[in-house]
Amino acid sequence: MGFYLGKHVLIVGGSEGIGFSLAELLLKQGATVTIASRSLEKLQRAEKKLAEVVPGALKLFIKPLDITIYSQLEKVIEEICLAPGVPDLVVNSAGIAHPQYIDKISISEINEMIDLNFRGTVYLSKAIVPKMLKSGRGHIVNVSSVAGYVGLFGYTAYCGSKAAVIAFSEALREELIHTQIKVSVLCPPNTKTPGLQREN
């Protein structure tokens, strides 16, 4: 239970869903947690809720961040690494799904899924790996989905974007296998989150 005491965890997509629940759990275990999200309003709401449910000293930071824009991402990662410090654990749980038939889904919806689910994962890793290599430690967890290895009806583009996350994570792990940086990929099934409610 004391493993995360004093460690810094960055959770991208931490304002709701899996990321938020993980932030709550790790704060209770004594970690310093930075949550990042595209929406400042959602971040502030999450910050308020976490302050209510986690008693005692709350070591929580919030950072508005769009991981699909590399120049912004690189700048924010630099700020985070200066204070509160290079993360010991980075969890990328940012993602979006637009279920629809392939002949009806819009190009903008396809692009949003590819950009946020896959390109954002690559960008985040590219920005954080040099920092972790320099610090000599770190663990990256990319959230994919069961849909990353099982094709689901109505989720063609989403499945493709999540399969890409798995392949990228496996390749990144091989690149870093002789360093102190670990790479994991999480493939949850349907999970009761605001995102799933929006899909339904």
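Up top is the structure these notes are about.
These numbers come from a predicted model, not from an experiment. (Residues numbered from 1 in each chain as written. Predicted model: local features only at pLDDT ≥ 70, side-chain atom pairs only at ≥ 80, totals over all residues. Heavy atoms only, no water.)

### Some points on the sheet that holds strand 1 (residues 8–12)
- Read across the sheet, six strands follow the order 3-2-1-4-5-6 without closing on themselves; strand pairing throughout is parallel. Each end of this open sheet is capped by a strand with a single partner; those strands are strand 3 (60–64) and strand 6 (181–186). For this sheet, the mean inter-axis angle between neighbouring strands, taken without regard to orientation, is 15°.
- Sheet topology note: the strand 1/strand 4 (residues 89–92) ladder contains four bridges and is parallel. Considered in strand 4, the bridge of leucine 10 is made with valine 90.
- Packed onto the sheet, helix 1 (residues 17–28) meets strand 1, strand 2 (32–37), strand 3 and strand 4 and runs at close to 165° relative to strand 1.
- Packed onto the sheet, helix 3 (residues 70–85) meets strand 1, strand 2 and strand 3 and runs at close to 165° relative to strand 3. (Pairing = 2+ DSSP bridges. Helix = DSSP H or I, 4+ residues; strand = E, 2+ residues; numbered from the N terminus. Axes fitted to C-alpha atoms, helices over the stretch in contact; angles between N-to-C directions. Contact = heavy atoms within 4.5 Å.)

### Quick look at the packing of helix 4 (residues 107–135) against helix 5 (residues 156–176)
- Where helix 4 contacts helix 5, the two axes come as close as 8 Å, and the packing angle between them is 15°. Judged on the interaxial angle alone, helix 5 and helix 4 are roughly parallel. Every pair of crossing elements has a handedness; the one defined by helix 4 and helix 5 is right-handed. Contacts between helix 4 and helix 5 involve Ile110, Met113, Ile114, Asn117, Phe118, Thr121, Val122, Ser125, Val129 and Leu133 on the former and, on the latter, Ala157, Tyr158, Ser161, Lys162, Ala164, Val165, Phe168, Leu172 and Leu176. (Parallel < 35°, antiparallel > 145°, perpendicular 65-115°, else oblique. Left-handed = near helix turned anticlockwise from the far one by under 90°.)

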